Amino acid sequence: MKARSVVALTGAGISAESGVPTFRGGGSAVWKGMPFDQISSARMVRENLPEVWEWFDYRRGVLRDCRPNPAHFALAEWKRRFAEFTLVTQNVDDLHRAAGSDDVIELHGNIQRSRCTRCGKSFDIAGIVPHEPDRCDDCGSKVRPDVVLFGEMLPYDAFETAERMARKCDLFFVIGTSALVYPAVGLAEIAKHHGAFLVEINPEETPMSDVCDVTIRAKAGEFVPLL
Ligand SMILES: [Zn+2]
């Protein structure tokens, strides 16, 4: 395969192979009697930020035991393999960075960062549980998780860059995501529309499978390093 510009979009599946719970669906979707989409919402940030932090610090505590898997490490190498490589993720767990990818486009933010609710300054809180600092050291306002919550828009810059790369790439990988979450699914469609070859790597059939040119039924951690 001789591709000049390559994009890989990753989702929950690649993280699940590192033991990261998806926190959607199943038993973990409720926190203190509150459904996931309620505790992780823009409204909760306004109404009860300490509770939001309790939930996110809990999740960050779970992540302390999670390490990148061979798929994360292989993708970190792809930057050297292709003339142009763009890594786009829907995951917030920071595992791509932990594996050595330093310019990941994070569509949903990053759980290991906090952000000032007033001036927007961000803080690296990787490994600090509970989060610290609690307030912005510039303006003194409260900080919140730097994650896209229910009721919020995707970060404009991140999505715009991802969209631009999807338009110009000739090879687009959809890895470990059903891409059901809009607008991520739109990226694959944009790539296809502009002539890219679409490859899906997922142990299960997804709504993307029919759209992709090649579908590989495999775990990312087992297959991506072989590519
Ligand atoms: Zn601030």
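Sequence order as written defines residue numbering, which begins from 1 separately in each chain. It should be noted that, the model being predicted, local features are given only for residues of pLDDT at least 70 and side-chain atom pairs only at 80 or more, the latter also being counted only at that level, while totals for whole chains, interfaces and linings use all residues. Side-chain numbers come from the whole structure's heavy atoms, not from hydrogens or water.

### Looking at the overall build of the chain
Secondary structure is summarised from DSSP: a helix means a run of H or I of at least four residues, a strand means a run of E of at least two, and numbering begins at the N terminus for each. The helix and strand tally for the chain stands at nine helices and 11 strands. All radius of gyration figures rest on C-alpha atoms, and the globule criterion is 2.2 Å times the number of residues raised to 0.38. In terms of C-alpha radius of gyration, the chain reaches 18 Å, essentially the compact-globule figure of 17 Å for 227 residues. Burial classes: relative accessible area under 20% of the type maximum marks a residue as buried, over 50% as exposed, and values in between as partly exposed (1.4 Å probe, protein chains only). Looking at the chain as a whole, 50% of its 227 residues are labelled buried. A separation of at least 24 residues holds for 63% of the contacts in the chain among residues at least 6 apart in sequence. Per-residue accessibility takes into account occlusion by the displayed protein chains alone, with areas from the Shrake-Rupley method and a 1.4 Å probe. For the chain, the accessible area works out to roughly 11,100 Å², and carbon and sulfur atoms hold 51% of it. Note on charges: Lys and Arg go in the positive column, Asp and Glu in the negative column, and His and the chain ends are not counted at all. Charge positions come from single atoms, namely NZ of Lys, CZ of Arg, CG of Asp or CD of Glu. The positive charge centre, built from 27 side chains, and the negative charge centre, built from 32, are 3 Å apart in the chain. Contacts between residues were defined by any pair of non-hydrogen atoms, one from each residue, lying within 4.5 Å.

### Regarding the packing of aromatic side chains
Working definition: a ring pair exists when centres of Phe, Tyr or Trp rings (six-membered ring for Trp) sit within 6.5 Å. Plane angles under 30 degrees give stacked, over 60 give edge-to-face, the rest tilted. Enumeration according to the criterion identifies seven aromatic pairs in this entry. With a centroid separation of 6.4 Å and an interplanar angle of 20°, the aromatic rings of Trp 55 and Tyr 58 are classed as stacked. Linking Trp 55 with Tyr 58, this pair stays in helix H4 (residues 49–63), spanning three residues, or about one helical turn. Ring centres of Trp 78 and Phe 173 lie 5.0 Å apart, and the angle between their planes is 55°; this geometry places the pair in the tilted category. Pair noted here: Trp 78 is in helix H5 (residues 70–81) and Phe 173 is in strand S9 (residues 171–175), with a separation of 95 residues, a long-range link. Across the pair, Phe 173 and Trp 78 agree in class, each one buried. An aromatic cluster is built from Phe 36, Trp 55, Tyr 58 and Phe 150, whose rings are joined through pairwise contacts.

### What about the sheet that holds strand S5 (residues 105–106)?
If you walk across this open sheet you meet the six strands as S5-S4-S1-S9-S10-S11, and the pairing is parallel. The open sheet terminates on both sides in strands that have one partner only, identified here as S5 and strand S11 (214–216). Should DSSP find at least two bridges between two strands, the strands are taken to pair. When S9 meets strand S10 (residues 197–201), the two strands line up parallel, connected through five bridges. What sits directly across from Ile 175, in S10, is Ile 201. Sheet strands in contact with H5 are strand S1 (5–10), strand S4 (84–89) and S9, and its direction is about 150° off that of S4. Axis lines are fitted through C-alpha atoms, for helices just across the contact stretch, and the angle between N-to-C directions can take any value from 0 to 180 degrees. Of the strands in this sheet, S1, S4, S9 and S10 are in contact with helix H8 (residues 184–193), which crosses S9 at around 155°.

### A few points about the domain arrangement of the chain
Boundaries between domains were set according to an automatic or database domain assignment. Parsing the chain into structural domains produces domain 1 (5–19 + 67–108 + 154–226) and domain 2 (21–65 + 112–147). Computed from C-alpha atoms alone, the centre-to-centre distance between domain 1 and domain 2 is 25 Å. On the side of domain 2, 12 residues touch domain 1, which itself brings nine residues to the contact. By buried area we mean the combined loss of accessible area, with a 1.4 Å probe, across both parts when two parts are placed together. Roughly 790 Å² is buried in total at the junction of domain 1 and domain 2, and carbon and sulfur atoms are behind 48% of that figure. Polar contacts, as used here, are pairs of N or O atoms within 3.5 Å; protein pairs need one atom able to donate a hydrogen and one able to accept it. Residues neighboring in sequence count only if both atoms are side-chain atoms. Seen at the junction of domain 1 and domain 2, the total is two residue pairs in polar contact (both at pLDDT 80 or more). Residues were grouped as follows: Ala, Val, Leu, Ile, Met, Phe, Trp, Tyr, Cys and Pro as nonpolar; Asp, Glu, Lys and Arg as charged; and all remaining residues, including Gly, as polar. When its residues are assigned to classes, the side of domain 1 that touches domain 2 shows two nonpolar, two polar and five charged.

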